[in-house]
Amino acid sequence: MNVDEVALGPYEDNRGNRIEFDGPVDNKVRIRFRGSNCVVRVDKAYHVGALAIDFNGDNGVFSIGSNPLKRSFSASVRIGQDSTVVVGSGVSSTAGVVISAVEGSKVSIGDDVMFASENQIRADDGHPIFDVKTGVRVNQSQDIVIGAHVWFAWGAVALGGAEVGSGSVVGMRAIVTGAVPNNCVAVGAPARVVRRDVAWERPHLGLEEPFYKLVSTTIDIDERYWNLTRGADDAELTSTERLDAALDRAPARVPPVLRKVKEREAAGIFADTDFYDPLAGVPGEGFVTAGTFEENVPFLGVRPEKFRPIALEARMWRDVVASPGQLLVHGKWILPDSFRRTIGENPRSKWVRSLDPLTASRPGNMPEDPSALDVVTRPTFMLDSEHAGTYGHLPTEVMSRLWCLPEVSSRFNDLQFAVSAGGRQSYPDWGYRLLAGCGISPDRIIVIDRPTRFVRMVTATPALSLSQYVHSAALPVWEHAADRLSDGSVRCEKVFISRTAGLVRPCRNQDEVEGWFADHGFTVVYPETMPISAQVSMFRNAKKIAGFGGSGLLNVVFSSGRAQDLLVINSESYGTWTEFLIRKLNPGKVAYYWCESEIEHPKGGWSMAAFESGFTVDMGDASVFFSRWLEE
């Protein structure tokens, strides 16, 4: 690998690496580029002692703010693949700080943070650690967030998953691994809070007059960071007492700007809070496919790195606001269960405006003060979806959250389930039918149509995230649902899943495609015109299934655990491969035939028009590909 070492100054190379800086060359800042498309952003009013930045992969980002008081700051920074380090304004250090972010993680250091000596901020452990029994990695890299005006004493360390609130002090040799609230003192390994409602100031006790600073009036203070520690009043309550307190106290206010929580951050941020209880979990899995895969062009590619392992967790949140469309908020936090796609550095939902990878605006229908909202005290399992009312999302990602249902049900004998109608007049009948297949009767389902306050809300990581990953924990859910729903009425060895007119992503020569498969012994069906029981029966009994990708074909969840060959016809602008993820847990052949779409996504972007655009199947080429899949 080529390594280019440069000093700080305006720079750009042929690999897409660049330095965004409007100032003279500074040899105190050394930057090494080993990969491509890495960016350094330095404020013109910066000030450092010595700074070394190593980019060891592609798509890395480093930025540092201004330092108008010219405080000394030195650091050795290591940035790996797809990772980011952000240093705020006015940050200082007595000696060099070690900062490391790899594997897509991010380290954020707020304004006016003060480091001592021997400090390390490490989103990663440097080397992988695996579970001997499963071979699964147990030390995933996690983001670190350090608020403004935090003091890291000598030897203090923050590890992946750490979040330190503004105005706090991290004591000597403390190791922060989770959440530390604002304006407190945390010590020990792992760090724990020993004092709350504190504020610290920069004047040195031995070097700056007055030499006895016994009260705050003897020095100038920064009132921005003199705050009471949030959540201190009930920090010592038992679990039962916390639940009772949640009913009595005013709910957390919802500010205009909310902090997005990624799935992998939840346990680290909320482990010691009073509103989060883990209920169940299973470790992540690597990429293992039981069948074979083929595609006409290298559009998808079966590469293990495309399907990152992920651990699953079921948890209970206390006192949250749920809004239709899968949104869950507690105070300043948008909880991870609000986002369908659980992997990624910038969680998004169509119901909130994302401001940046860490923050989003408060939903327009959610009040700042939730105290006037309807309150639900019965324990509730969230089964809502960002795309509620759209068939394909229910049997796949929504039902896959029920991997933990046996254990959760044993904890709450009066458990109910929350859904929304997704703009429909009422929750669809097929929704009730599918959930009945999971053992959930209609009388246990509540439909929310406005923001509602839930005292106890149960959520679970989906075992399937569309076009991201699949976990084998979903298999029992789909198999048991198929057992309950199938009526055995449809038994076709070969079926072609087509689509009725008027739907998005139309195939312009649909009749020609259907005719080819009919001539080769396939029964052409339109699942949306069939009862749920017949659809499940058909998918469960077929040996070969072909069809247009999307809602109807996603019923392949109900053939899980069975040997079956699958052929998916997709437009390149649709670009999803959920059927492959579902079938990869099962024996059989999976093939994708990709067609040019009428509208392409903008370069480097995405558009709904392209996603829903029509396409034409080139039957001259496709018939050869189809025949090979059929005959092998």
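So, here's what we can say about the structure. (Residues numbered from 1 in each chain as written. Predicted model: local features only at pLDDT ≥ 70, side-chain atom pairs only at ≥ 80, totals over all residues. Heavy atoms only, no water.)

Remarks on a negative patch on the surface
A cluster of acidic side chains, namely Glu572, Glu596, Glu600, Asp618 and Asp621, defines a negative patch on the protein surface. For glutamate 600, the position within the fold is in the loop between strand E42 (589-595) and helix H10 (608-611). Residue glutamate 600 is classed as exposed on the basis of its relative accessible area, which comes to 66%. (Patch = residues over 30% accessible without salt bridge, like charges linked within 9 Å, V, L, I, M, F, W, Y side chains within 5 Å. Areas by Shrake-Rupley, 256 points an atom, 1.4 Å probe, with all protein chains shown as cover. Salt bridge = Lys/Arg side-chain N within 4 Å of Asp/Glu carboxyl O. Lys, Arg positive; Asp, Glu negative; His and termini not counted. Charge placed at Lys NZ, Arg CZ, Asp CG, Glu CD. Helix = DSSP H or I, 4+ residues; strand = E, 2+ residues; numbered from the N terminus. Buried < 20%, exposed > 50% of the residue type's maximum accessible area, 1.4 Å probe, protein only.)

Quick notes on a nonpolar patch on the surface
A surface patch of nonpolar side chains, amounting to about 530 Å² of accessible area, comprises Phe211, Tyr212, Leu214 and Val215. Within the secondary structure, phenylalanine 211 is located in the loop between strand E23 (192-196) and helix H1 (239-248). On the accessibility criterion, phenylalanine 211 (47% relative accessible area) is partly exposed.

With respect to the sheet that holds strand E40 (residues 544-548)
Pairing between the strands of a sheet comes from backbone hydrogen bonds, and it takes one of two forms, parallel or antiparallel. The parallel open sheet is built from six strands, whose spatial order is E26-E42-E41-E40-E38-E39. Both outer strands of the open sheet, strand E26 (292-295) and strand E39 (523-525), are each paired with one neighbouring strand and no more. When the angles between neighbouring strand axes are averaged without regard to direction, this sheet yields 15°. Of the strand pairs in this sheet, strand E41 (residues 565-571) and E42 are connected by six bridges, and their pairing is parallel. Across the sheet, the residue bridging to valine 568 is tyrosine 592, located in E42. (Pairing = 2+ DSSP bridges. Axes fitted to C-alpha atoms, helices over the stretch in contact; angles between N-to-C directions.)

Quick word on the packing of helix H7 (residues 510-519) against helix H11 (residues 619-631)
Relative orientation of the contacting elements H7 and H11 amounts to 30°, with a least axis distance of 12 Å. It follows that H7 is roughly parallel to H11 by the angle criterion. In this structure, H7 crosses over H11, and the sense of that crossing is right-handed. Each of Glu512, Val513, Trp516 and Phe517 in H7 lies in contact with H11, whose residues at this interface are Met619, Ser623, Phe626, Ser627 and Leu630. Residues that form the contact of H7 with H11 fall into these classes: six nonpolar, two polar and one charged. (Parallel < 35°, antiparallel > 145°, perpendicular 65-115°, else oblique. Left-handed = near helix turned anticlockwise from the far one by under 90°. Contact = heavy atoms within 4.5 Å. Nonpolar A, V, L, I, M, F, W, Y, C, P; charged D, E, K, R; others polar.)

Note that all results are geometric; they support no functional claim without further evidence.
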